[in-house]
Amino acid sequence: MRKISMMIGALALGVAVAAQAAAPAQTIEARQKSLKEMGKAMKGAGDSFKSGNPDAAVIKASAATVAGYADKLGTWFPKGTGAEAGVKTAAKAEIWSDQAGFKKAAADFSAAAKGFKTAADSGDLAAAGKAMGALGGTCKGCHEKFKNKD
Ligand code: HEC
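Being a predicted model, the structure only gives us computed values, none of them experimental.

1. A look at the UniProt feature "binding site: heme c" (unreviewed entry) in the chain
Reasoning step 1: Here, UniProt's "binding site: heme c" (unreviewed entry) annotation points to C139, C142 and H143. Lining the largest pocket, from the residues just named, are C139, C142 and H143.
Reasoning step 2: Inspection of the secondary structure puts C139 in helix α5 (residues 125–146).
Reasoning step 3: When its relative accessible area of 21% is taken as the criterion, C139 is described as partly exposed.
Reasoning step 4: Mapped onto the secondary structure, C142 falls in helix α5.
Reasoning step 5: By relative accessible area, C142 is classed as buried at 13%.

2. Describing the pattern of salt bridges
Reasoning step 1: One pass over the full model with this rule turns up 5 salt bridges.
Reasoning step 2: Measuring nitrogen to oxygen at the nearest pair gives 2.7 Å for the salt bridge that ties K43 to D47. Here K43 pairs with D47, and both are found in helix α1 (residues 2–50), just 4 residues apart, close to one helical turn.
Reasoning step 3: On the basis of relative accessible area, K43 is assigned to the exposed category, the value being 53%.
Reasoning step 4: Look at D47 and you get partly exposed, because its relative accessible area is 34%.
Reasoning step 5: With a shortest N-O distance of 2.6 Å, K117 and D121 are connected by a salt bridge. Of this pair, K117 and D121 both sit in helix α4 (residues 99–122), 4 residues apart, roughly one helical turn.
Reasoning step 6: With a relative accessible area of 35%, D121 lands in the partly exposed category.

3. With respect to the site of the ligand
Reasoning step 1: As a matter of local geometry, the ligand sits amid 24 residues, with T89, A90, C139, C142 and H143 nearest to it.
Reasoning step 2: At a separation of 2.8 Å, an oxygen atom of the ligand approaches a polar backbone atom of A90.
Reasoning step 3: In the environment of the ligand, a nitrogen atom lies 2.9 Å from a nitrogen or oxygen atom belonging to the side chain of H143.
Reasoning step 4: Cavity membership is defined here by more than half of the atoms lying within 2 Å of grid points; on that basis the ligand lies in the largest pocket.
Reasoning step 5: Among the residues forming the shell around the ligand, the class breakdown is 16 nonpolar, 5 polar and 3 charged.

Cut-offs and rules
- Residues numbered from 1 in each chain as written.
- Predicted model: local features only at pLDDT ≥ 70, side-chain atom pairs only at ≥ 80, totals over all residues.
- Heavy atoms only, no water.
- UniProt positions renumbered as here; feature names shortened; annotations may be inferred.
- 1 Å grid on protein atoms, 1.4 Å probe; cavity = no way out; pocket = protein on both sides within 12 Å on 5 of 7 lines; lining within 4 Å.
- Helix = DSSP H or I, 4+ residues; strand = E, 2+ residues; numbered from the N terminus.
- Buried < 20%, exposed > 50% of the residue type's maximum accessible area, 1.4 Å probe, protein only.
- Salt bridge = Lys/Arg side-chain N within 4 Å of Asp/Glu carboxyl O.
- Near = heavy atom within 4 Å.
- Polar contact = N/O pair within 3.5 Å; in protein donor to acceptor, adjacent residues only side chain to side chain.
- Sits in = over half its atoms within 2 Å of the grid points.
- Nonpolar A, V, L, I, M, F, W, Y, C, P; charged D, E, K, R; others polar.

Pasting the structure below:
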């Protein structure tokens, strides 16, 4: 009896360890999915502007998608979700060695994403185009410092 209960205990421990080990990979996959969605939204709005006949509805929807992540992006990189997690990630170690820099990049993005939404919601396409340019600069700024090239 004692042996069996010990075995069950060991089994339960094994399951708990496995669940913990899976978490960083899940965090990485979830953030990559959201980042891809954000990339698509930016491309959708960018293409609309470039078409020469921008569609305010498309731009508004894209801005809403990106602004939905404004305060989330900064939380997608907990410790342990870098290269050490053992799954493919372009996240650089500098995210964790320069936390102040990363937090600032996330805060700049957050403010710019909200600015883009406000401008897009106003229907002023010139203002929305300008705000989107500023937002794109924050994507690029963070990628240059904290993301490996594919
Ligand atoms: C504060 C930093 C930061 C900001 C701001 C940021 N990104 Fe990223 N982005 C990253 C990092 C780090 C990765 C790599 C994530 C990984 O592979 O785990 C990434 C990855 C991506 C990817 C690739 C996802 C994949 O796995 O295929 C896309 C697309 C992307 N970002 C788009 C954007 C767009 C568009 C913006 C701006 C609207 C933006 N990002 C703003 C840090 C940032």
